Amino acid sequence: MSEKMIQQLMAAPKEITFREVDIPEPGPDQVLVKIKRIGVCGSDIHVFHGMHPYTKYPVTQGHEVSGKIVKLGQYVSNLQVGQRVTIEPQVFCGRCHPCLHGKYNLCENLKVMGFQTVGTASEYFAVDASKITPLPEGMSYNEGAMIEPLAVTVHAGKRFADMKGAKVAVLGAGPIGILLSQAVKALGAAEVMITDISEKRLELAKSVGADYAINTAKEDFGEALVACFGPDKADVIYDCAGNDITMNSAIQNARKGSTIILVAVFAKMANVDLAKLNDSELDLNTSMMYRHEDYVDALRFVNEGKIQLKPLESAHFAFKDYQKAYEYIDANREMTMKVLIDVDPSDD
């Protein structure tokens, strides 16, 4: 008789349940991971509220994750039982044009664990060894579960080719914005200005290295750009807020001929000034998830002390309190950065 484990299931919006299922047996090219921590991100919250356009119910969530390998498939030779790891949650076809040209984050048939396929929110998870990235020695499981969102920002930072010595503006001081403000510095940016309308978030951003933190409820963004960076303003503006106000503010105030990169996901159809975008010959670029090299760099930056993750830990919840974690986030939107689910709270 198979051993059993507990698995999270979002049966419907705002309805999280748990079920007992068999502990999976890893396939020949897979490993079995004992899940330790799961991070909750904004997209998970969208699913909780029934607002994610590409997720159907029921679904087992979890894509920001850390754990420990407990079993190897017969053909896996590059990993070891006992290793601390994180999991890259993209499931791609390997056959379409983006995949064949190394851009599997843009796979025409992309599925993401926890959204279009089974996520990691269970006590054990069997996964292809190719999706495993070992954590450096000494890195905590808490930090390991935050590498996925950090990789998003490392990838976004690389979308601007001339980062060395750059002056960078980041709109939105949520978890992604604050991680991005650190990632661009690690990639060589000279100065970073971050904006938000929350003083608490701005204080946190400054505490982890932002040079300027501007409350745009009190200060004009365009004037702040000049005050912080001089008349040439920013070399690149990143939108991590994702709404008409922030994107139009970027378009209206960007230095002519410079670059805007959209990192945030717009929740609805945008209404932005493309005439001004055209008149200023601005490059409007985008960023989508990450690739393995972004995970590698994210881990290296944390290990080298160039990026701090611990200050972004907001709260921990037991596995059985998954729904309480979502309710906590809803009730504490301004102050919440990263909430972690302790599937197995031990640090062995």
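Before reading further, recall that the structure is shown in the block above.
What counts as what
- Residues numbered from 1 in each chain as written.
- Predicted model: local features only at pLDDT ≥ 70, side-chain atom pairs only at ≥ 80, totals over all residues.
- Heavy atoms only, no water.
- Core = buried A, V, L, I, M, F, W, Y, C linked by side-chain atoms within 4.5 Å.
- Buried < 20%, exposed > 50% of the residue type's maximum accessible area, 1.4 Å probe, protein only.
- Contact = heavy atoms within 4.5 Å.
- Phe/Tyr/Trp six-rings, centres within 6.5 Å; stacked < 30°, edge-to-face > 60°.
- Helix = DSSP H or I, 4+ residues; strand = E, 2+ residues; numbered from the N terminus.
- Lys NZ or Arg CZ within 6 Å of the ring centre and 35° of its normal.
- Pairing = 2+ DSSP bridges.
- Axes fitted to C-alpha atoms, helices over the stretch in contact; angles between N-to-C directions.
- Parallel < 35°, antiparallel > 145°, perpendicular 65-115°, else oblique.
- Left-handed = near helix turned anticlockwise from the far one by under 90°.
- Nonpolar A, V, L, I, M, F, W, Y, C, P; charged D, E, K, R; others polar.

1. A closer look at the nonpolar core
Part 1 of the reasoning: The biggest cluster of nonpolar side chains holds 82 residues, and the ones touching the most others in it are V168 and Y238.
Part 2 of the reasoning: Setting aside chain neighbours within four positions, we find Y238 in contact with A156, G157, F160, M163, V168, A169, V170, L171, L180, V184, I261 and V263.
Part 3 of the reasoning: Core analysis: the second largest hydrophobic core is formed by 20 residues, I251, A254, I260 and L277 among them.

2. Describing the packing of aromatic side chains
Part 1 of the reasoning: Under the defined criterion, the tally for this structure stands at 8 aromatic pairs.
Part 2 of the reasoning: Seen from their ring centres, F18 and F319 are 5.3 Å apart, and the 80° between their planes marks the pair as edge-to-face. Within this pair, whereas F18 is found in strand β2 (residues 15–22), its partner F319 is found in the loop between β16 (313–318) and α11 (322–331), the two being separated by 301 residues in sequence.
Part 3 of the reasoning: Taking the relative accessible area as the measure of exposure, F18 reaches 32% and is therefore partly exposed.
Part 4 of the reasoning: Assessed through its relative accessible area of 9%, F319 is described here as buried.
Part 5 of the reasoning: A connected cluster of aromatic rings, assembled from ring pairs, spans F18, F48, F319, Y322 and Y326.
Part 6 of the reasoning: Here R84 stacks its cationic end above the ring of Y141, 4.0 Å away from the centre of that ring.

3. Regarding the pairing of strand β4 (residues 64–72)
Part 1 of the reasoning: The pairing of strand β3 (residues 30–40) with β4 spans 8 bridges and is classified as antiparallel. Directly across from I38, in β4, lies its bridge partner V65.
Part 2 of the reasoning: Pairing between β4 and strand β5 (residues 84–87): 3 bridges, direction antiparallel. The residue of β5 that forms the bridge with S66 is T86.

4. Topic: unusual backbone geometry
Part 1 of the reasoning: Geometrically, the link from Y57 to P58 is a cis peptide bond, its omega value of 0° lying close to zero.
Part 2 of the reasoning: Of note, P58 is situated in the loop between α1 (42–48) and β4.
Part 3 of the reasoning: Unlike most non-glycine residues, E281 shows phi in positive territory, near 45°.
Part 4 of the reasoning: Tracing the backbone through its elements, the reader meets E281 in the loop between α9 (274–279) and β15 (283–286).
Part 5 of the reasoning: Even without being glycine, M289 reaches a positive phi, approximately 55°.

5. Concerning the packing of helix α4 (residues 147–158) against helix α5 (residues 175–186)
Working note: a packed helix pair is described by the angle between its axes plus the distance between those axes.
Part 1 of the reasoning: With their axes 8 Å apart at the nearest point, α4 and α5 run at an angle of 50° to one another. When the axis of α4 is compared with that of α5, the two are oblique. In the packing of α4 onto α5, the handedness of the crossing is right-handed. Residues P149, L150, V152, T153, V154, A156 and G157 of α4 form the contact with α5, whose participating residues are I176, L179, L180, A183 and V184.
Part 2 of the reasoning: When the residues that make up the contact of α4 with α5 are grouped by side-chain class, the tally is 10 nonpolar, 2 polar and no charged.

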